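So you can see what is in the structure, the chains are spelled out below.
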Amino acid sequence: MGRHHSIFVLVIGCAIIRPPRDGGIRYRGLTQEQVIRSVQILPVDYEIEYICRGSRIIVGPKVRKCLPDGTWTDMSQHSRCPSPRSSSSSRKKKLYIGALFPMSGGWPGGQACLPSAQMALDLVNNRSDILPDYELELIYYDSMCDPGEATKLLYDLLYTEPIKIVLMPGCSSVSTLVAEAARMWNLIVLSYGSSSPALSNRQRFPTFFRTHPSATLHNPTRVKLFQKWNWNKIATIQQTTEVFTSTLDDLEQRVKEAGIEISVRQSFLTDPAVAVKNLKRQDARIIVGLFYETEARKVFCEVFKEKLYGKKYVWFLIGWYADNWFKIKDPAINCTVENMTEAVEGHITTEIVMLNPETVRGASNLTSQEFLGALMNRLGGKNPEETGGFQEAPLAYDAVWALALALNKTVEPLKTKGRRLEDFNYNNHDITAEIYRALNTSSFEGVSGHVVFDAQGSRMAWTLIEQLQGGSYKKIGYYDMTKGNLSWYGNDKWIGSGPPADQTVVIREFRFLSQNLFISVSVFASLGILLGIVCLTFNIYNSNVRYIQNSQPYLNNMTAVGCMLALAAVFPLGIDASRLSRQFRLWLLGLGFSLAYGSMFTKIWWVHTLFTKKDEKKEKKKVSQHLEPWKLYATVGVLLAIDVLSLMIWQIVDPLLITIENFTTEAPKGDLDVLIQPQLKHCSSKKMNTWLGVVYGYKGLLLLLGIFLAYETKSISTEKINDHRAVGMAIYNVAVLCMITAPVTMILSSQQNASFAFASLAIIFSVYITLVVLFVPKIRRLITRGEWQSEQQDTLKTASSTNNNDEEKSRQLERENRELQKIIQQKEERVSELRSQLAERQALRSRRRPSGQTQNHTGPQQPPPSQAEPKQLSQPPGYSPADKLSSSIPKLSRNHCHNSRLPLLYK
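Residues numbered from 1 in each chain as written. Predicted model: local features only at pLDDT ≥ 70, side-chain atom pairs only at ≥ 80, totals over all residues. Heavy atoms only, no water.

Summing up its helical and strand segments, the protein chain has 28 helices and 23 strands in all. A buried classification covers 46% of the 907 residues belonging to the protein chain. Restricting to contacts in the protein chain with at least 6 residues of sequence separation, those with at least 24 account for 71%. By element, 56% of the accessible surface of the protein chain is carried by carbon and sulfur atoms, the whole surface being about 47500 Å². (Helix = DSSP H or I, 4+ residues; strand = E, 2+ residues; numbered from the N terminus. Buried < 20%, exposed > 50% of the residue type's maximum accessible area, 1.4 Å probe, protein only. Contact = heavy atoms within 4.5 Å. Areas by Shrake-Rupley, 256 points an atom, 1.4 Å probe, with all protein chains shown as cover.)

In this section: the environment of Pro-147. You can see Pro-147 is positioned in helix α4 (residues 147-159). The partly exposed category is assigned to Pro-147, whose relative accessible area is 32%. Distance in space between the C-alpha atoms of Pro-147 and Cys-171 is 9.3 Å, their sequence separation being 24 residues. Aside from chain neighbours lying at most four places away, what touches Pro-147 is Ser-173, Val-174 and Leu-177.

It is worth spelling out a nonpolar patch on the surface at this point. Taken together, the side chains of Ile-519, Val-523, Phe-524, Leu-527, Leu-530 and Val-534 define a hydrophobic patch exposed on the protein surface, amounting to about 550 Å² of accessible area. Mapped onto the secondary structure, Leu-527 falls in helix α14 (residues 515-541). (Patch = residues over 30% accessible without salt bridge, like charges linked within 9 Å, V, L, I, M, F, W, Y side chains within 5 Å. Salt bridge = Lys/Arg side-chain N within 4 Å of Asp/Glu carboxyl O.)

Let us now look at the sheet that holds strand β21 (residues 505-510). Within a sheet, each strand pairs with its neighbour through backbone hydrogen bonds, oriented either parallel or antiparallel. Pairing within the open sheet is mixed, and its three strands lie in the order β21-β23-β22. Edge positions in the open sheet fall to β21 and β22 (657-662), since each of these has one partner strand only. Averaged over neighbouring strand pairs, the angle between their axes works out to 35° when direction is ignored. When β22 meets strand β23 (residues 674-684), the two strands line up antiparallel, connected through six bridges. Pairing of Thr-659 across the sheet is with His-682, part of β23. (Pairing = 2+ DSSP bridges. Axes fitted to C-alpha atoms, helices over the stretch in contact; angles between N-to-C directions.)

Further remarks concern the confidence of the model for the protein chain. Detailed reading of the predicted coordinates is not advisable wherever pLDDT falls low. Summing up the model confidence of the protein chain, the mean pLDDT is 80 and the portion of residues at 70 or higher is 84%. Between the elements of the protein chain, mean pLDDT differs from a low of 37, seen in helix α1 (residues 2-11), to a high of 96, seen in strand β9 (residues 188-191). A low-confidence stretch, residues 1-10 (pLDDT under 50), is modelled with one contact involving residues beyond four sequence positions or located in other chains. For the stretch residues 789-803, pLDDT sits under 50, and the model shows 17 contacts to residues farther than four places along the chain or on other chains. (pLDDT = per-residue confidence, 0-100.)

Residue position: Thr-463 is located in strand β18 (residues 462-469). Thr-463 gets classed as buried once you look at its relative accessible area, which sits at 0%.

Bringing the sheet that holds strand β5 (residues 63-65) into the picture now. On the basis of which strands lie adjacent, the open sheet formed by three strands has the order β2-β4-β5 and antiparallel pairing. The sheet is open, and its two edges are formed by β2 (23-27) and β5, each paired on a single side. Direction aside, neighbouring strands of the sheet carry axes that sit 25° apart on average. For β2 and strand β4 (residues 47-52), the ladder comprises five bridges, and the chain directions are antiparallel. When the bridges of β4 are listed, Gly-23 appears paired with Cys-52.

Evaluated as defined, the whole model comprises 25 salt bridges. Overlapping salt bridges bring together Arg-26, Glu-49, Lys-62, Lys-94 and Glu-137 as one network.

Bringing the nonpolar core into the picture now. If you look at the biggest cluster of nonpolar residues, it comprises 76 residues, and the most contacted ones within it are Phe-101, Leu-136, Leu-138, Leu-407 and Leu-421. A total of 12 residues in this core trace back to one element, the largest contributor, which is helix α12 (residues 393-416). Residues contacting Leu-136, with those up to four places away along its chain left out, are Leu-95, Ile-97, Leu-121, Val-124, Asn-125, Leu-131, Ala-404 and Leu-407. Listed in part, the 56 residues of the second largest apolar core include Ile-237, Val-243, Leu-251 and Ala-343. (Core = buried A, V, L, I, M, F, W, Y, C linked by side-chain atoms within 4.5 Å.)

So, about the state of the cysteines. Here, disulfide denotes a covalent bond that connects the sulfur atoms of two cysteines. Counted by the stated rule, this structure contains four disulfides. Each disulfide pairs two cysteine sulfurs, and for Cys-52 the partner residue is Cys-81, the sulfurs being separated by 1.9 Å. Judged by the sign of its S-S torsion, about -80°, the bond between Cys-52 and Cys-81 is left-handed. With Cys-52 in strand β4 and Cys-81 in the loop between β5 and β6 (93-100), this residue pair connects regions lying 29 residues apart in the sequence. Each of the two residues, Cys-52 as well as Cys-81, counts as buried. Put simply, Cys-301 and Cys-335 are joined by a disulfide, and their sulfur atoms are 2.0 Å apart. Here the disulfide of Cys-301 and Cys-335 is right-handed, its torsion about the S-S bond being about 80°. Residue Cys-301 is located in helix α9 (residues 293-306), and its partner Cys-335 is located in the loop between β14 (314-318) and α10 (337-344); the two are separated by 34 residues in the primary sequence. (Disulfide = S-S within 2.5 Å.)

Before going further, it helps to spend a moment on the packing of aromatic side chains. Geometrically, a pair of aromatic rings is defined through the distance of the ring centres and the angle of the planes. On inspection of all chains with the given rule, the structure shows 30 aromatic pairs. Plain terms: the ring middles of Trp-231 and Phe-316 are 6.2 Å apart, the flat faces sit at 90° to each other, and that makes the pair edge-to-face. With a gap of 85 residues between them, Trp-231 in the loop between α6 (218-228) and β11 (233-239) and Phe-316 in strand β14 connect regions that are remote in the sequence. Judged by relative accessible area, which is 1%, Trp-231 ranks as buried. Ring centres of Tyr-478 and Tyr-489 lie 6.2 Å apart, and the angle between their planes is 70°; this geometry places the pair in the edge-to-face category. Within this pair, whereas Tyr-478 is found in strand β19 (residues 472-480), its partner Tyr-489 is found in the loop between β20 (485-488) and β21, the two being separated by 11 residues in sequence. The buried category is assigned to Tyr-478, whose relative accessible area is 7%. Taken together, the aromatic side chains of Phe-226, Trp-229, Trp-231, Phe-316, Trp-488 and Trp-494 make up a single cluster linked through ring pairs. In this structure, Arg-202 packs its charged tip against the face of Phe-209, placed 4.9 Å from the ring centre. Taking NZ or CZ as reference, Arg-285 lies 5.7 Å from the ring centre of Tyr-313, over its face. (Phe/Tyr/Trp six-rings, centres within 6.5 Å; stacked < 30°, edge-to-face > 60°. Lys NZ or Arg CZ within 6 Å of the ring centre and 35° of its normal.)

Turning our eyes to something else, we now look at the pairing of strand β12 (residues 261-268). The pairing of β11 with β12 spans seven bridges and is classified as parallel. Along β12, the bridge assignment pairs Ile-237 with Gln-266. The β-α-β motif built from β11, the intervening helix α7 (residues 242-257) and the parallel element β12 has right-handed crossover chirality. (Right-handed = clockwise from strand over helix to strand, strands pointing away.)

The interhelical angle for the contact between α6 and α7, taken along N-to-C directions, is 40°, at an axis separation of 10 Å. Relative to α7, the element α6 is oriented oblique. You can see that α6 and α7 cross each other, and the crossing is right-handed. Where α6 approaches α7, its residues Asn-219, Pro-220, Arg-222, Val-223 and Phe-226 are matched on the opposing element by Thr-247, Asp-250, Leu-251, Arg-254 and Val-255. For the contact of α6 with α7, the residue count by class is five nonpolar, two polar and three charged. (Parallel < 35°, antiparallel > 145°, perpendicular 65-115°, else oblique. Left-handed = near helix turned anticlockwise from the far one by under 90°. Nonpolar A, V, L, I, M, F, W, Y, C, P; charged D, E, K, R; others polar.)

Once that is clear, we can look at helix α22 (residues 724-747). Compared with an ideal rise of 1.5 Å per residue, which puts 24 residues at 34 Å, α22 spans 35 Å between its outermost C-alpha atoms and is within 8% of the ideal. If you check which residues of α22 are buried, you get His-724, Ala-726, Val-727, Gly-728, Ala-730, Ile-731, Val-734, Ala-735, Thr-741, Ala-742 and Thr-745. (Expected span 1.5 Å × (residues − 1).)

Below, the discussion takes up the packing of helix α8 (residues 273-281) against α9. The geometry of α8 relative to α9 is characterised by a closest axis approach of 9 Å and an angle of 45° between their N-to-C directions. It follows from the interaxial angle that α8 and α9 lie oblique. Between α8 and α9 lies a crossing of right-handed hand. On the side of α8, the interface is formed by Ala-273, Val-276, Lys-277 and Lys-280, while α9 contributes Val-299, Glu-302, Val-303 and Glu-306.

So, on to helix α11 (residues 368-378). Those residues of α11 that fall on the buried side of the exposure criterion are Ser-368, Phe-371, Leu-372, Leu-375 and Arg-378. For α11, the arc enclosing every buried residue in end-on projection is 120°, short of the 170-degree limit, so these residues lie on one face. Among the exposed residues of α11, those pointing more than 90 degrees away from its buried face are Gln-369 and Asn-377. Looking at the packing, one finds that the buried side of α11 touches α3 (110-125) and α12. (Arc of directions from axis to C-beta.)

Shown next as structure tokens:
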């Protein structure tokens, strides 16, 4: 079995064929002697090259390749070496192109690109309008996509005859090496298969061109799609390799120029789990992924686990993956095919268009489909999917045509300078400059599309845009970067109703006051204003009534007006937070408070000033000091002026401005990809807390002082301000409500309904209590007693001008007055009686004085004074019988009161 197997291996390959007449065969890696002596079978994929002797030129296939079936390619076409006389190109001068085609290695693109380039050379050399005096010949080697091998081959190309006028490498790593060294030999480098963005560097690679677009060509297409779908914020995730890093750097610059922000930038080396989680945590929605196919499966397995797919997300991937890349079983991931299919649904891919989608005959007079047919024939029916570089074959074809057209364009300019293309050598800079200028301005239609180079020498091509729909890729558009034209089919499909938003849409909604609350409070405020008008009208109409006059009606009028102003401030408090309304409510509330509370405070202040002095001065003040009304009005004026001045300074120094308060975002009802950002308008100044502290401090001191004065004067009775007790009660209520409301409204400033309800109801309750306490008793008294505007009734009913306590004291004084009158009358009678007795005794003593001496011993003894005096009258209370007569007389005379003085005593 082993032997037979060994024999089988030896016979696999192609037998050596005979060379054409007048020609030979060049065997790669073998000498002619080795072939003749020891080699009979050449391995599969081995290539041979026909050469002709002398000046003869090969006609027909120049290179043949060993196929797996044991035959050579293009066996149906004969290769000949005709004599120079039979060749139409015998008079043409040859221009040699040194090429490196990777027939094996990481990217065996030469398998299809070499036949494609040879097709182009055959067509160019047979054209009489392109380089009619020249023939292009390709000298090529297999670089195996290895920079080390390419270095050796580059040395062979440069240091062996003939001189090469242009170098054509493939594979990015090889092209980097060749392009960086070529400038030392004044050589133009034209690559057909290099996509690295690093090659788009004119300072490092000054003579480099490529028909294969740079990997960064995807980026203009991506930016165009971002703009089409109104996305201004994207995220990226990349594998940490040079090609993807440079591509992402270019993308970052382009989106910045377009006004698009890369909000999240993640990278990974082998495990993308952490990077995907970061994308999820930072709410990435539009995500550009740059990684190879194997890493793509790892990424989307993590995407499935993190639920980073669906109608809220869009992924942008590279388009050169296999169509079924997500269905390939990969032991490196633990997701099923169904999981992967679900995760990748709807993603967008961008892919460089390497075959013109339009039926256009370009410079080669072939359409793209005709080119594919010719290439298939040249490949001998080999499966395109198994042929390396089949996708890039049109680029190699157009590279030859771009070179031929550029060389053709340089013929005339060089002729004017006395130069020819065949004069080129590695020290001739002028010819290189002309070739560079011609290539840099190239523009023609090729089988890969419109061929044009940008300032960095990179191909500017169309981009194919596809979307995965139902597990398969569908073309949804093309983008032509050169013209900025987006050809859109309109068949894009989305899981949701349309393209998702680039971020969670935050809808800003202003919080407004509840209409029902505002209407309810407004009704109470309106009724309060109506009550104020009624009280004010009543007070003005009955201002001549003595009872109303003794309550200081003008101060009460100020109280009513202040209450109405305070109630009017409720309306702008709930209408809007505009600057004008805020200032309006501030002035209304400030002036209303000053008028209403200031007038009540004035009454209490003056009552306290006049009637709470020291005992020794009290009677004097009660009798002599008269309350002057202008002093009351002046006090209210001072309080009002302080408020007006402070408000004016506030408005001038630190005016009110509209500010917006943002609250925590809220999720809406329903399955909507939005968040609600509640906002609330405030009208405040820069140092709002300072101003409020000053105002609240000043008003708070007034409220505390008002409470103290009301308490001190609660037991005082005065006719001049007969309602000061009611005023004190109103001050108690206003002070308590204000002291509670001010801090609470500051705390509730972010809750518009609670703040408005608390502040407005406090104003309404304060006003209602004040108006009811001050005016309702007066209205009731005048209605129940009929004390209207009648001076005659006021004169007849003197007692009606005082309150109930004053009437009781008046009746008591009347009773005391009557008792005092009786006592005075009794004392007057007793004085008269004593005077008569004194007169009688004096007369009796004067008669007995002469005979007094004789009768001293014989006269009868006089009775004691108590027996001789007549019976005294009953003594009044407080009368002392021990008082001497002589002292009683003056006291009685001082206490004697005439009847004309009784009214004064009554008063």
